[in-house]
Amino acid sequence: MLNQFMSYLGSNLTPGSANNQLWALIYVLIIFAGVSLAVVCMNWFERKALAHFQIRLGPMRVGPHGLLQPIADAIKLMLKEDIIPQEADQFVFWIAPVIGLLAAFTVYTVIPFGPSQAVSDMNIGILFMLGVSSLGVLGIVVAGWASNSHYPLIGALRSSAQMVSYEIAMGMSVVSAILMTSFNKEGTGTLSMIGIVRSQQEQGIWFLFKFFPLGLVAFMSFVIAMIAETNRAPFDMAEAESELTAGYHTEYSGLRWSLFMLSEYAAMIAVSSIAVTLWLGGWLRPFPNLLHAPAWDFIFSLFPGLTFLGLAAIAFIGVARMPAHFSFKIQRIGLAVFAALLAFIALLLLVIAVAGRSSDTSIAARFREGIGYVYWFILKVALFMYLFIWARATWPRYRFDQLMRIGWKVLLPITLGVLVLTAIVGVLAS
Amino acid sequence: MNPAMTSALDWALHQPSYLASFLASLITPANGDMAPVATPFFFYLLSGLAVAGGLLVITRRNPVHCALALIVTLIAVAHLYLMLYAPFVAGVQIIVYAGGIMVLFLFVIMLVNIERASKDRRYNRIWPVGLAAACALMALFVSAFVKDRALFPDRMIKLPEGSNTQEIANALYGEAGRMGQYTFTFEIASLLLLVAILGAVIMTKKRI
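As the structure is a computational prediction, the values presented were derived from the model and not from experiment.

Q: Report on the overall build of chain A, specifying residues and quantitative values.
A: A count of helical and extended segments in chain A gives 15 helices and zero strands. A globule of 430 residues ought to have a C-alpha radius of gyration of about 22 Å, and chain A, at 23 Å, matches this closely. Principal-axis analysis of the C-alpha atoms places the extent of chain A at approximately 65 × 65 × 50 Å. Expressed as a percentage of the 430 residues in chain A, the buried residues total 49%. For chain A, the proportion of contacts with a sequence separation of at least 24, taken over those separated by at least 6, is 74%. Summed over its atoms, the accessible surface of chain A is roughly 20400 Å², and 72% of this surface lies on carbon and sulfur atoms. Separation of charge centres in chain A, based on 25 positive and 21 negative side chains, amounts to 11 Å.

Following this line, the structure appears as structure tokens:
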């Protein structure tokens, strides 16, 4: 086993391609823990950001600036009574959140956080992602039906109609991006997630800017369809609280309800990763071909450390701005410790960046490279997470017929047109 | 006993050793060029799942349970395609059947009053015919397997996994300006589908 552990360290392949089950398992565990942690952070950040959009403070009581609020929420949800309605279909009611969670987490096997930082590089990567994430709707539909109640059933019906409609527009915009991978010297494209990012690097352009404005239009259509696919505002018809109480998860409580929330946020991160991989260059840092001198490599490798340094500085400002009253003493100490932790991480990342500068073969250099890939990928995904919150705070909910009209009569023709135009322009240009 | 039967029995008795070798491959580094995914253990697991799902589809009274069981069968079959080194077919199977058609199935089933529908008497009695047809098909498979095991390759054929999508595209659309092997049939099939879609639209619209 140690042999298997060590043999992978020097390779440039994903664990799946290197046929290394042990490292595949390690990657799966890291991704599972990382995504769960990201969901917790996202939960806190969404509440705070939404509050500030509405000139409120948001959670402030549990921990400094409500930093411990997600933990308190998690404990509350776990201790809550788990109610299964008597008239519900027991087995289906039980399995519905599990289906949603499985579908949301399975897609992470192909998401490339870096050229070798993925569990597996599948030949059909993007197809696999679309297919498995489309299974997530089954969890919602089945949950609404099994509850044996009116509001959940209506929510589930709305959700399935919406998802099936927007999947088509989503697929069409994805196809136009895949088509762009084939405009190279060999004339062959790829469906592999890693291959798509590689072809953006080879062609020297993010597909967002390729054949301007065709890539941009496809990307915008994808973003709209992606918000609808994950049932987020302004397309959250499935859980419209003013009409349907809570939609498909009205009858769910406690841990089961939190599984739904976990799968919703995990699916949000997953679809954002698709958008980042297809149009925003995945793990590539800005201008990897233009600014490829070692000096530029060094400057860009400082970014992860500087980001954490910035976060630490914000936290330190928070410590300084705490009221001087003695009842804030514990909160103040807690925030200072948090800031110190962030500063320590920043220091560690900066040390790795400086130590990895000298040679290309040392452990530190490999670490620096890997951290860079994962950092740029996560930064791009984080922008999308903010976009989700921003959209939720900005737009009112659509009516259901408006939603269907946008999906079928606006997005679908636009994406089809973009696909045809991309093919024409690509053939003319090559 | 028939020698073919003996060898088949012998083959079946060896399955535990295949499972053991699969488990061993998890803890020791593999030295082969291809990952040992297509083991008999996985084949029996997946086909068992598919058969169990199929049985549940025809035995459950509740149509939603039937639909869920059918999804299990479809996904198991998709994995069998993966074992045959046809990842593209597997992905399409999941997208089209498990993700698309079954969601629409459930959508329609949920609009039906299941309480009343499940108490209704079945108006047709065709299950003996179905049983006979299934038995005949089973007999055909068994006879083909027992009579001539040479029909099947002894070892699995290693197809290049990476080129599956390209191979399908070449067969369907042709390469380098030439028509592919199945281009004409493929286009005819797509025309049929288009006619079906138009028919559905005309049937549901009162006024065109």
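Structure shown, so let's carry the discussion forward.
Q: Which residues make up the packing of helix H8 (residues 214–229) of chain A against helix H15 (residues 400–429) of chain A, and what values do they have?
A: Residues and elements named next belong to chain A. With their axes 10 Å apart at the nearest point, H8 and H15 run at an angle of 150 degrees to one another. One element, H8, and the other, H15, form an angle in the roughly antiparallel class. Handedness of the H8/H15 crossing: left-handed. In this structure, H8 uses Leu214, Val217, Ala218, Ser221, Ile224 and Ala225 to contact H15, whose residues at the interface are Leu411, Ile414, Thr415, Val418, Leu421, Thr422 and Val425. Across the contact of H8 with H15, the residue classes tally to ten nonpolar, three polar and no charged.

Q: Lay out the packing of aromatic side chains in plain terms, naming residues and giving numbers.
A: All names here are of chain A. One pass over the structure, following the stated rule, counts 27 aromatic pairs over all chains. For the ring pair Phe45 and Tyr386, a centre distance of 6.3 Å and an interplane angle of 50 degrees mean the geometry is tilted. Remark: Tyr386 occurs in helix H14 (residues 363–394) and Phe45 occurs in helix H2 (residues 21–53); sequence separation between them is 341 residues. Given a relative accessible area of 35%, Phe45 falls into the partly exposed group.

Q: If you had to explain the side chain of Glu229 of chain A to someone new, which residues and values would you point to?
A: Residue and element names in this part refer to chain A. In this fold, Glu229 is placed in helix H8. Notably, Glu229 is buried but unbridged: the nearest opposite-charge side chain belongs to Arg232, and the N-O separation is 13 Å. A polar side-chain atom of Glu229 sits 3.5 Å from the main-chain amide nitrogen of Glu167.

Q: Give a detailed account of helix H11 (residues 294–301) of chain A, specifying residues and quantitative values.
A: Residue and element names in this part refer to chain A. Listing the buried residues of H11 in full gives Phe298, Phe300 and Ser301. Viewed along the axis of H11, the buried residues span an arc of 170 degrees, placing them on a single side of the element. Looking at the packing, one finds that the buried side of H11 touches helix H12 (303–321), helix H13 (329–355) and H14.

Q: Give me the lowdown on the pattern of salt bridges, citing residues and values where you can.
A: All names here are of chain A. Summed over all chains, the structure comprises eight salt bridges over all chains. A salt bridge links Arg232 to Glu46; the shortest N-O distance between them is 2.5 Å. Taken together, the residues span a long stretch of sequence, with Arg232 in the loop between H8 and helix H9 (241–244) and Glu46 in helix H2 at a distance of 186 residues. In this structure, Arg232 and Glu46 share a single accessibility class: buried.

Q: Go over helix H4 (residues 63–83) of chain B, please, and point to the residues and values.
A: All names here are of chain B. Given a rise of 1.5 Å per residue, 21 residues ought to cover 30 Å, and the 30 Å separating the end C-alpha atoms of H4 matches this to within 8%. Listing the buried residues of H4 in full gives Val64, Cys66, Ala67, Leu68, Ala69, Ile71, Thr73, Leu74, Ala76, Ala78, Leu80 and Met83. Where H4 starts, the residue carrying a side-chain oxygen 3.1 Å from the main-chain nitrogen of Val64 turns out to be Asn62. Tyr85, located one to two residues past H4, shows a positive phi value of around 60 degrees.

Q: Residues and numbers for the packing of helix H6 (residues 150–181) of chain A against H15 of chain A, please.
A: All names here are of chain A. The interhelical angle for the contact between H6 and H15, taken along N-to-C directions, is 15 degrees, at an axis separation of 9 Å. Put simply, H6 runs roughly parallel to H15. Considering how the two elements wind past one another, H6 and H15 form a crossing that is left-handed. Looking at the contact of H6 with H15 residue by residue, the classes come out as 19 nonpolar, seven polar and one charged.

Q: Break down a nonpolar patch on the surface for me, citing the residues and quoting the values.
A: All names here are of chain A. Side chains of Phe338, Leu341, Phe344, Ile345 and Leu348 sit close together on the surface and give an oily, nonpolar patch of about 450 Å² of accessible area. Note that Ile345 resides in helix H13. A relative accessible area of 31% places Ile345 in the partly exposed class.

Q: Now, about the confidence of the model for chain B: what can you tell me, with residues and values included?
A: All names here are of chain B. Averaged over all residues, the pLDDT of chain B equals 76, while 68% of them reach at least 70. Per-residue pLDDT stays below 50 along residues 26–34; that stretch engages in 14 contacts with residues further than four places along the chain or on separate chains. For this predicted complex, the interface confidence score (ipTM) comes to 0.81, while the overall pTM stands at 0.85.

Q: How would you explain the nonpolar core if you had to name every residue and give the values?
A: Within the largest apolar cluster, 74 residues are counted, with the highest numbers of intra-cluster contacts made by Tyr108, Ile126, Met129, Phe222, Leu278, Trp279 and Phe384 of chain A. If we skip the residues at most four places from it in the chain, Leu278 of chain A touches Ile126, Val174, Ala177, Ile196, Gln200 and Phe207 of chain A.

Q: Give a description of the environment of Val410 of chain A that names residues and reports values.
A: Within the fold, Val410 of chain A resides in helix H15. Residues Val410 of chain A and Ala169 of chain A, spaced 241 residues apart in sequence, show a C-alpha to C-alpha distance of 9.4 Å.

Thresholds, definitions, all that
- Residues numbered from 1 in each chain as written.
- Chains lettered and ligands numbered in written order.
- Predicted model: local features only at pLDDT ≥ 70, side-chain atom pairs only at ≥ 80, totals over all residues.
- Heavy atoms only, no water.
- Helix = DSSP H or I, 4+ residues; strand = E, 2+ residues; numbered from the N terminus.
- Rg over C-alpha atoms; globule rule 2.2 N^0.38 Å.
- Buried < 20%, exposed > 50% of the residue type's maximum accessible area, 1.4 Å probe, protein only.
- Contact = heavy atoms within 4.5 Å.
- Areas by Shrake-Rupley, 256 points an atom, 1.4 Å probe, with all protein chains shown as cover.
- Lys, Arg positive; Asp, Glu negative; His and termini not counted.
- Charge placed at Lys NZ, Arg CZ, Asp CG, Glu CD.
- Axes fitted to C-alpha atoms, helices over the stretch in contact; angles between N-to-C directions.
- Parallel < 35°, antiparallel > 145°, perpendicular 65-115°, else oblique.
- Left-handed = near helix turned anticlockwise from the far one by under 90°.
- Nonpolar A, V, L, I, M, F, W, Y, C, P; charged D, E, K, R; others polar.
- Phe/Tyr/Trp six-rings, centres within 6.5 Å; stacked < 30°, edge-to-face > 60°.
- Salt bridge = Lys/Arg side-chain N within 4 Å of Asp/Glu carboxyl O.
- Polar contact = N/O pair within 3.5 Å; in protein donor to acceptor, adjacent residues only side chain to side chain.
- Arc of directions from axis to C-beta.
- Expected span 1.5 Å × (residues − 1).
- Patch = residues over 30% accessible without salt bridge, like charges linked within 9 Å, V, L, I, M, F, W, Y side chains within 5 Å.
- pLDDT = per-residue confidence, 0-100.
- Core = buried A, V, L, I, M, F, W, Y, C linked by side-chain atoms within 4.5 Å.

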